[in-house]
Amino acid sequence: MIFLLFFFFSLTNSELTSYNKQLEWIVGHWRSEFSGKVFWPTVPTMTFGEDLKIMEAPLARSANVQFLNFSARAWSHSTKDHFHDEWGFVTVDPTGNATLMTSGNNGFTTYEVGHVSHNKLVLTLKDIGRISFSRDLPVEDLRRTFIRHDDRFLEQVIEMRTATHPKIGYLEHTRVVYTKQDS
Ligand SMILES: *[C@@H]1O[C@H](CO)[C@@H](O)[C@H](O)[C@H]1NC(C)=O
Ligand SMILES: *[C@@H]1O[C@H](CO)[C@@H](O)[C@H](O)[C@H]1NC(C)=O
């Protein structure tokens, strides 16, 4: 009995649900010192570093949905200035539909939905919140793609459309390749 209970507890506390197992390839600590690039018609191209952590988060009993937590902290490579932090949660349903919610100190919150497949997660913007005094242009659409190339390298590409660029579709905004960290 004791063994059974222990087994049950260790399962519920340290295992991804079968749905979230579809995200197992992205779980972990990823870091790029300076491979990130920011492109946008209205700003000079910049190089950045980013630290990305995606881990199993504690379960909220009331919701009973397992989320992975998400943190991304970016800095400018040339000036070492802090760019922004994003915190959030991601989860997947049985069909592979994924939802990512983020909140950033650039003044944006996002609600992104998409699909996870083998080593690839593509999310598009479903809803966005923005503080009224943000200096940034309103974002009208966004597509975020994660691709794991192999055991060591993960790439993230963000494409977007703001009130002024481009007229239709998306324009690449950032691209960064992370290296897997041991812890
Ligand atoms: C994610 O959850 C883990 C496990 O509870 C915790 O140690 C970690 O600090 C959390 N990370 C974030 C960014 O909330
Ligand atoms: C999964 O996403 C697709 C495309 O957005 C949608 O048509 C479908 O209804 C979703 N499935 C579930 C179970 O929510």
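So, how was this worked out
Residues numbered from 1 in each chain as written. Chains lettered and ligands numbered in written order. Predicted model: local features only at pLDDT ≥ 70, side-chain atom pairs only at ≥ 80, totals over all residues. Heavy atoms only, no water. Helix = DSSP H or I, 4+ residues; strand = E, 2+ residues; numbered from the N terminus. Buried < 20%, exposed > 50% of the residue type's maximum accessible area, 1.4 Å probe, protein only. Polar contact = N/O pair within 3.5 Å; in protein donor to acceptor, adjacent residues only side chain to side chain. Contact = heavy atoms within 4.5 Å. Phe/Tyr/Trp six-rings, centres within 6.5 Å; stacked < 30°, edge-to-face > 60°. UniProt positions renumbered as here; feature names shortened; annotations may be inferred. Core = buried A, V, L, I, M, F, W, Y, C linked by side-chain atoms within 4.5 Å. Pairing = 2+ DSSP bridges. Axes fitted to C-alpha atoms, helices over the stretch in contact; angles between N-to-C directions. Near = heavy atom within 4 Å. Areas by Shrake-Rupley, 256 points an atom, 1.4 Å probe, with all protein chains shown as cover. Nonpolar A, V, L, I, M, F, W, Y, C, P; charged D, E, K, R; others polar.

### Here we look at the side chain of asparagine 20
Working step 1: Along the chain, the position of asparagine 20 falls in the loop between helix H1 (2-14) and strand E1 (28-40).
Working step 2: Overall, asparagine 20 belongs to the buried group, its relative accessible area being 1%.
Working step 3: There is a polar contact of 2.8 Å between the side chain of asparagine 20 and the backbone oxygen of glutamine 66.
Working step 4: With residues near it in sequence (within four places) discarded, asparagine 20 still touches Gln66, Phe67, Thr91 and Val92.

### Overview of the packing of aromatic side chains
Working step 1: Counted by the stated rule, this structure contains three aromatic pairs.
Working step 2: Arranged with centres 6.3 Å apart and planes meeting at 45°, the rings of phenylalanine 48 and phenylalanine 83 form a pair that is tilted. Of this pair, phenylalanine 48 sits in strand E2 (residues 43-56) while phenylalanine 83 sits in strand E4 (residues 82-92), placing them 35 residues apart in sequence.
Working step 3: Judged by relative accessible area, phenylalanine 48 falls into the buried class, the value being 5%.
Working step 4: With a relative accessible area of 31%, phenylalanine 83 lands in the partly exposed category.
Working step 5: For the pair phenylalanine 67 and phenylalanine 89, a centre-to-centre distance of 5.9 Å together with 70° between the ring planes defines the contact as edge-to-face. Pair noted here: phenylalanine 67 is in the loop between E2 and strand E3 (68-76) and phenylalanine 89 is in strand E4, with a separation of 22 residues, a long-range link.
Working step 6: Take phenylalanine 89: its relative accessible area is 39%, and that puts it in the partly exposed class.

### Side note on the UniProt feature "domain: THAP4-like heme-binding" (unreviewed entry) in the chain
Working step 1: Cross-referencing UniProt, the feature "domain: THAP4-like heme-binding" (unreviewed entry) maps to residues 21-176 in the present numbering.
Working step 2: Helix makes up 0% of residues 21-176 and strand 65%, and the two end C-alpha atoms of the span are 24 Å apart.

### Notes on the nonpolar core
In summary, soluble globular proteins display a tendency toward joint burial of nonpolar side chains.
Working step 1: Ranked by size, the top nonpolar core spans 24 residues in total, and within it Leu23, Ile26, Leu52, Leu121, Phe146 and Leu154 carry the most contacts.
Working step 2: When residues of this core are traced back to their parent elements, those giving at least two are E1, E2, E3, E4, strand E5 (97-104), strand E7 (120-130) and strand E10 (171-180).
Working step 3: If you tally residues by element for this core, the top one is E3, at four residues.
Working step 4: Each residue touching isoleucine 26, except ones within four places of it in the same chain, is listed here: Ile54, Leu121, Phe146 and Leu154.

### Considering the sheet that holds E3
Working step 1: Read around the barrel, ten strands follow the order E1-E2-E3-E4-E5-E6-E7-E8-E9-E10 and close on themselves; strand pairing throughout is antiparallel. Strand-to-strand twist across the sheet, computed as the mean angle between neighbouring axes with direction ignored, equals 25°.
Working step 2: Two elements, strand E6 (residues 108-117) and E7, share ten bridges in a ladder whose sense is antiparallel. By the bridge assignment for E7, phenylalanine 108 is matched with arginine 130.

### Brief notes about the site of ligand 1
Working step 1: Every residue lining ligand 1 is accounted for by Met55, Glu56, Ala57, Pro58, Asn69, Ser71 and Trp87.
Working step 2: At 3.4 Å, a backbone N or O of glutamate 56 approaches an oxygen atom of ligand 1.
Working step 3: Asparagine 69 places a side-chain nitrogen or oxygen 2.4 Å from an oxygen atom of ligand 1.
Working step 4: In isolation ligand 1 offers 370 Å² of accessible surface; the protein chains occlude 50% of this area.
Working step 5: Sorting the residues of the shell around ligand 1 by element identifies E2 and E3 as the ones contributing at least two each.
Working step 6: For the shell around ligand 1, the per-class residue count stands at four nonpolar, two polar and one charged.

### Examining the pairing of strand E8 (residues 139-148)
Working step 1: Counted residue by residue, E8 has seven buried out of ten residues, so it is predominantly covered.
Working step 2: Bridge count between E7 and E8: five bridges; the pairing is antiparallel. Looking at E8, one finds that leucine 121 is bridged to phenylalanine 146.
Working step 3: Bridge count between E8 and strand E9 (residues 153-162): nine bridges; the pairing is antiparallel. By the bridge assignment, valine 139 is partnered in E9 with threonine 162.

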